[in-house]
Amino acid sequence: MCSIGALKAQQQILTLEQAIDVALKNNYNIRLARNSAELSANDYAYANFAFFPRVNASAGTTWSRTATKQEFVNGTSRDTSGIKSNNLSGNVTLGWTLFDGLKMFATRNKLESIRDYGELVVKDQVQNTIATVITGYYNIVQQKQQLKALAEQMSISEERVKLSDAKFSTGLAPKTDLLQSKVDLNAQKALYIRQITVIEQSKALLNQLMAVPSGATGYEVVDSIPLDTGLSYAALQQNVMNNNTAVKVQQQNVNISALTIKERQADYFPVISFNSGYNYTRNHSNAASNAFSPKFSRNGVLSYGLTAAIPIFNGFNVKRQVQNAKLDFDYQNITLDNVKSQVDLSLNNAFKDYEYYKKAVELEEETNELARENAMVALERFKQGVSTLLEVKIAQQSLEDSYYRLIQARYNTKVAETELGRLNGVLLK
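Report follows, based on the coordinates. (Residues numbered from 1 in each chain as written. Predicted model: local features only at pLDDT ≥ 70, side-chain atom pairs only at ≥ 80, totals over all residues. Heavy atoms only, no water.)

### Re the pattern of salt bridges
Here comes step 1: Overall, the coordinates contain 17 salt bridges when judged by the stated rule.
Here comes step 2: Between lysine 144 and aspartate 223 there is a salt bridge, with its nearest N and O atoms 3.2 Å apart. Separated by 79 residues along the polypeptide, lysine 144 in helix 4 (residues 103-169) and aspartate 223 in the loop between helix 5 (175-210) and helix 6 (233-243) bring together distant segments of the chain.
Here comes step 3: Classification of aspartate 223 as exposed rests on a relative accessible area of 59%.
Here comes step 4: Note that glutamate 355 and lysine 358 form a salt bridge whose closest N and O atoms lie 3.2 Å from each other. A residue pair is termed a helical-turn pair when its members lie 3 or 4 positions apart in one helix, as glutamate 355 and lysine 358 do in helix 8 (residues 317-384) at three residues.
Here comes step 5: Look at glutamate 355 and you get partly exposed, because its relative accessible area is 27%.
Here comes step 6: Taken together, the shared-partner salt bridges in this structure form one network comprising Glu112, Arg115 and Asp116. (Salt bridge = Lys/Arg side-chain N within 4 Å of Asp/Glu carboxyl O. Helix = DSSP H or I, 4+ residues; strand = E, 2+ residues; numbered from the N terminus. Buried < 20%, exposed > 50% of the residue type's maximum accessible area, 1.4 Å probe, protein only.)

### Quick word on the environment of glutamine 180
Here comes step 1: When you line up the elements, glutamine 180 lands in helix 5.
Here comes step 2: Residue contacts for glutamine 180: discarding those within four places in its chain leaves Arg160, Leu389 and Lys393. (Contact = heavy atoms within 4.5 Å.)

### Examining unusual backbone geometry
Here comes step 1: Positive phi, close to 55 degrees, is recorded for alanine 211, a residue that is not glycine.
Here comes step 2: Although it is not a glycine, phenylalanine 316 adopts a positive phi angle of roughly 60 degrees.
Here comes step 3: By secondary structure assignment, the location of phenylalanine 316 is in the loop between strand 6 (296-309) and helix 8.
Here comes step 4: Judged by its relative accessible area of 56%, phenylalanine 316 falls in the exposed class.

### Focus: the pairing of strand 5 (residues 271-285)
Here comes step 1: In terms of strand pairing, strand 4 (residues 83-99) meets strand 5 through 14 bridges, oriented antiparallel. Looking across to strand 5, one finds that threonine 97 is bridged to serine 273.
Here comes step 2: Inspection of the sheet shows strand 5 paired to strand 6 by 14 bridges, in the antiparallel sense. When the bridges of strand 6 are listed, threonine 281 appears paired with asparagine 299. (Pairing = 2+ DSSP bridges.)

### Side note on the packing of aromatic side chains
Here comes step 1: The final tally for this structure, using the stated rule, is nine aromatic pairs.
Here comes step 2: Through successive ring pairs, a cluster of aromatic residues spans Tyr46, Phe49 and Phe52.
Here comes step 3: The aromatic ring of tyrosine 44 is capped on one face by arginine 115, whose charged end is 4.5 Å from the ring centroid. (Phe/Tyr/Trp six-rings, centres within 6.5 Å; stacked < 30°, edge-to-face > 60°. Lys NZ or Arg CZ within 6 Å of the ring centre and 35° of its normal.)

### Digging into the nonpolar core
Here comes step 1: Val133, Tyr137, Tyr138, Leu206 and Met210 are the most contacted members of the largest nonpolar core, which totals 30 residues.
Here comes step 2: Ranked by residue count, the leading element in this core is helix 4, at 11 residues.
Here comes step 3: When sequence neighbours within four positions are dropped, the list of residues in contact with tyrosine 137 reads Leu14, Thr15, Leu16, Ala19, Leu206, Val221 and Val222. (Core = buried A, V, L, I, M, F, W, Y, C linked by side-chain atoms within 4.5 Å.)

### Some details on a nonpolar patch on the surface
Here comes step 1: The grouping of Trp96, Leu98, Phe99, Leu102, Phe105, Tyr268, Phe269, Ile272 and Leu306 at the surface amounts to a nonpolar patch, some 870 Å² of accessible area in total.
Here comes step 2: Top contributing element to the nonpolar patch by residue count: strand 4, with three residues.
Here comes step 3: Relative to the helices and strands, tyrosine 268 is located in the loop between helix 7 (245-265) and strand 5. (Patch = residues over 30% accessible without salt bridge, like charges linked within 9 Å, V, L, I, M, F, W, Y side chains within 5 Å. Areas by Shrake-Rupley, 256 points an atom, 1.4 Å probe, with all protein chains shown as cover.)

### Considerations on helix 3 (residues 28-45)
Here comes step 1: With 18 residues, helix 3 should cover 26 Å at 1.5 Å per step; its first-to-last C-alpha distance of 26 Å lies within 8% of that length.
Here comes step 2: Where helix 3 begins, one side-chain oxygen reaches toward the backbone nitrogen of asparagine 29, 3.0 Å away; that side chain belongs to asparagine 27. (Expected span 1.5 Å × (residues − 1). Polar contact = N/O pair within 3.5 Å; in protein donor to acceptor, adjacent residues only side chain to side chain.)

As structure tokens, then:
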């Protein structure tokens, strides 16, 4: 795994794959989702024990010392002081639910669905995190490209300053041309410094996604944004409902809600249980208080039988719970339809963005070549004294705008491509 600290120390390039790998191991939202999923899995691991009997045992012992004096009406008296006794008791009980309206089965299946739901939530969070890391990573790349474009603009402005200074020194141009060229150069230097700050901030955002220190920004990223221009809307639409993790998560909510209805309906039926127990007592004294009191006794009782708890009337509480469960089932189905509608809309909009920005990239690449040639021609004409500074400035501004639009178009194409991958559930391979 790539170490951000090592990258900072060695000034290595952080690849997208390395950034995703670090994020999948460290991202806070993924870790929280995994923790919740592990809780659900732990509950399901004990689901089958609901079919087992419950066994409980208790034991105790007491010691007593008797000090009794008695005087009777016939003049006799009795003193039984000093009698010591010890009582030992213990019991074991067994309770086994044999039938509860199949509620145990519904509960086990529900716990299994909750476990699967937790796994899907983790997968959904992983997909979202990967998409966010991709857009965050290539945001840094596009900011670097903007920085490179600014550097090219600064080189043109520096040439303008040299030419304006030479012309002013020879009296071929006014001082205002020189001053304006210096002003434009300083403005671009300020933008360059600001762009460096933007890059550092963008790296800090990526670091937060990877859950590494925000100040560890000494690494570099790649220089280009690769684009997949062969995506098909028909192929994406055909698979999106089967692959989209948000749809799968909501479908699992529907399954859980259906099993909750079965749980609630089981409360209409009686609960039949098998019960058994064994009770043991032993009492020992060093003397008897009278001729009819034993010095030693021991008793063991084994009992067993069946019990049936029959619901007769509970204020229609079970009916209320069943109705609520059915209402929740309807709610979850409506939510599922809504999620599917939102996913379909998002897919449609993302693909339209994807198609638009693909065309924009082609157009802006051509425009950028024209603008670069135009700027070089204008600069050469200014050097030869056949054009004005204004003409050079306009050509230079056109080139700057062209760079910005081209870089933005490439980045936005990547964002749309990533969103299509997220919606189709293919980012996690």
